[in-house]
Amino acid sequence: MPRFASDLLIRWVPLLALGAVILYFFCFVDRYAINVPYHDGIYDLLRPVTLVEKADNVRDGFEELFKWHADHRTGATRLLVYVAYLVEGEINFHTLALLANMALPLILVLFYLMVRNETYRWVYLLVSGLLLLHIRCYMIVLWSQASFAYYYVFLYGFACIVLLHKVTPLRLGLAAVLCIFSTLTYAAGQLVWLLGLASLLHQYILTRSRPLSYAAVWLMLAIIATLVWRIDMPESTYFYPGSEAPAGIRDLFPDYIVDMSVPLFLERYGTSLLVTLGSALTGDSMLLAGGAGLSMLLLLLYITLRSYKDDDVRLLLCCWFVVAAAAAVTIGRARVLAPDTILVSRYSFLSVILLSSLALLLQLRLKRFKSFVLPVIVVAAGIYWAWAFRIFAPPLQEILNQRYTEYNLDMYPVYFRGEGESVTAVLEDAVSMGMYKPPCKPLPDCEKSPRGHVEDGAADTLH
């Protein structure tokens, strides 16, 4: 094949296609994201930032940023939101949705750093982009609080793993900072400390490229960080076997939650974990999701056994970080959420990020017939991308319509709101301080803008 044609097919065409996929995704988010807080966004994002502005000193402000939210510390996300507020002059949830989704192309940048020396790197990245930038996780695409948590925990975690490869003192320090950010984004982010330790031990034991001192320092930092994270940790043990569930949770899940024995919990845990890992490939079949989850787990195990002695195991560690995070989330939710609930919830992102990462890892392992197999993989990824937008646009539209209705009726539902907490008071406080400027009513009919939801007087629908 002539050099020009080769460059066109393996560089410029996939690069332009990847750019188009990213642009389409962000045009979609920009068009349908609304400046209305949703569920935990009120107490996890809006209230802390208003309290920081009202704080008497810097110390009190930092304490507000790093307080607990449910069973997570989300200080890294709140810090991002506060910076966005300082730049824009208001807390705008449309802007926050765009900022939260920025984590996805940044994850692709990390993928690029791991494959940049490969001839087919842009083809690989196009496949990962098609498997990542869509609306399979429709519940969180336009919900900034949840997307910050699920997207950024992996952005920070993957970046940490990338930095620890061929580690130096400076890279170790930067990786530790990113690991702290991951820990302060979502509770499962603590697990990246273990994957980082695995990377450093790999470099000491198997490749003999770095001394043990790096792993020792990392372990010390991990112990300190996780102990500090647990200071003033609230008691939220109702997700685990043998503990009593509050009445509010029993009301939400009356047909599922029971006081399980350990064997029953393990059975549900195993089922939920496999469904979580494979849920990217279906929206309604537990059998297909469980089978896909098992297949991906076995494939990852096979590749690990074949390549754990390689010099570069960053992608392997990223995939195992996703699996470890899924296992941690499942431990915390298997007692409350039935496996079929996972198919329609935010937890499916764990499967999406695993699918995108594992596809990249698999393509790197292909040795023979690459010129034949790669076009098939690209076409399959493109079909999956189109399927995700087609199948999950209707349920996303339902959520969006529900948010319109609730906002127009001055209703702001919040998951597991504590007793005595007033959503109205939080919103009125933010509005009176000029920090939050609510959109007009009734949405979406009252506004027409480049990102609006109305054309010729009729509300937009997702397509």
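Here we summarise the structure given alongside this text. Worth saying up front: this structure is predicted, and the values here are computed from it rather than measured.

Next up on the list: the overall build of the protein. Summing up its helical and strand segments, the protein has 20 helices and 4 strands in all. The 463 residues of the protein split such that 53% are buried. When contacts within the protein are restricted to residue pairs at least 6 apart in sequence, those whose partners lie at least 24 apart make up 77%. Total accessible area on the protein stands at roughly 20,900 Å², and carbon and sulfur atoms take up 64% of it.

Attention now goes to the packing of helix 15 (residues 286–307) against helix 16 (residues 314–333). Between helix 15 and helix 16, the shortest axis-to-axis distance is 11 Å and the interhelical angle comes to 145 degrees. Once helix 15 is placed against helix 16, the crossing between them reads as left-handed. The residues of helix 16 that touch helix 15, namely those facing Leu297, Leu300, Leu301, Ile303, Thr304 and Ser307, are Leu316, Cys319, Trp320 and Val323. Taken together, the residues of the contact of helix 15 with helix 16 break down into 8 nonpolar, 2 polar and no charged.

Attention shifts here to the nonpolar core. In terms of nonpolar packing, the biggest core is built from 154 residues, with Phe111, Ile140, Tyr151, Phe154, Phe158, Trp218 and Phe349 touching the most fellow members. Tallying contributions element by element places helix 9 (residues 144–164) first for this core, with 17 residues.

Note that Glu90 resides in the loop between helix 4 (75–88) and helix 5 (93–101). In this structure Glu90 is buried but unpaired, with Lys437 as the nearest side chain of opposite charge at 4.4 Å.

This part takes up the packing of aromatic side chains. In this structure the tally under the stated criterion is 29 aromatic pairs. In textbook terms, an aromatic cluster arises when at least three aromatic residues are bridged by ring pairs, as seen for Phe111, Tyr151, Phe154, Phe158, Phe321 and Phe349. Sitting over the ring of Tyr407, Lys441 keeps its end group 4.7 Å from the ring centre.

Turning next to the state of the cysteines. Covalent bonding between the sulfur atoms of two cysteines is what defines a disulfide. Considering all chains together, one arrives at 1 disulfide under this definition. The cysteine Cys318 is free of any disulfide, with Cys319 supplying the nearest cysteine sulfur at 7.0 Å.

As a further point, take the pattern of salt bridges. The full count for this structure, using the stated rule, is 7 salt bridges. Across the pair Glu63 and Arg59 runs a salt bridge, and its minimum N-O distance is 3.6 Å. Here Glu63 and its partner Arg59 are both found in helix 3 (residues 58–65), 4 residues apart, which amounts to about one turn of the helix.

This next bit is on helix 20 (residues 423–432). Those residues of helix 20 that sit buried are Val423, Val426, Leu427 and Ala430. For helix 20, the buried positions fall inside an angular range of 95 degrees around the axis, keeping them on one side. Projecting away from the buried face of helix 20 at angles above 90 degrees are the exposed residues Glu428 and Ser432. Tucked into the core, helix 20 has its buried residues touching helix 2 (41–54). Of the residues trailing helix 20, Gly434 is marked for its positive phi of about 75 degrees.

Another point: the environment of Leu125. With respect to the helices and strands, the residue Leu125 is situated in helix 7 (residues 121–132). Between the alpha carbons of Leu125 and Val115 there is a distance of 8.7 Å; along the sequence they are 10 residues apart. Once residues within four sequence positions are removed from consideration, Leu125 is found in contact with Leu18, Leu108, Phe111, Tyr112 and Val115.

Summarising the element assignment, Lys309 is placed in the loop between helix 15 and helix 16. With 102 residues separating them in the primary sequence, Lys309 and Thr207 have C-alpha atoms 7.5 Å apart. Residue contacts for Lys309: discarding those within four places in its chain leaves His202 and Leu206.

Cis geometry is found at the peptide bond from Lys441 to Pro442, where omega equals -5 degrees. Turning to its location among the elements, Pro442 is positioned in the loop between helix 20 and strand 3 (454–455). With an omega of 0 degrees, the peptide bond running from Leu443 to Pro444 counts as cis. In this model, Lys166 sits at a positive phi of 55 degrees, which is unusual for a non-glycine residue. As for its position among the elements, Lys166 is in the loop between helix 9 and helix 10 (169–183). Judged by its relative accessible area of 48%, Lys166 falls in the partly exposed class. A positive phi angle, close to 55 degrees, is found at Arg208, a residue other than glycine. Residue placement: Arg208 occurs in the loop between helix 11 (192–205) and helix 12 (212–229). You can call Arg208 exposed: its relative accessible area is 63%.

The rules behind the values
Residues numbered from 1 in each chain as written. Predicted model: local features only at pLDDT ≥ 70, side-chain atom pairs only at ≥ 80, totals over all residues. Heavy atoms only, no water. Helix = DSSP H or I, 4+ residues; strand = E, 2+ residues; numbered from the N terminus. Buried < 20%, exposed > 50% of the residue type's maximum accessible area, 1.4 Å probe, protein only. Contact = heavy atoms within 4.5 Å. Areas by Shrake-Rupley, 256 points an atom, 1.4 Å probe, with all protein chains shown as cover. Axes fitted to C-alpha atoms, helices over the stretch in contact; angles between N-to-C directions. Left-handed = near helix turned anticlockwise from the far one by under 90°. Nonpolar A, V, L, I, M, F, W, Y, C, P; charged D, E, K, R; others polar. Core = buried A, V, L, I, M, F, W, Y, C linked by side-chain atoms within 4.5 Å. Lys, Arg positive; Asp, Glu negative; His and termini not counted. Salt bridge = Lys/Arg side-chain N within 4 Å of Asp/Glu carboxyl O. Phe/Tyr/Trp six-rings, centres within 6.5 Å; stacked < 30°, edge-to-face > 60°. Lys NZ or Arg CZ within 6 Å of the ring centre and 35° of its normal. Disulfide = S-S within 2.5 Å. Arc of directions from axis to C-beta.

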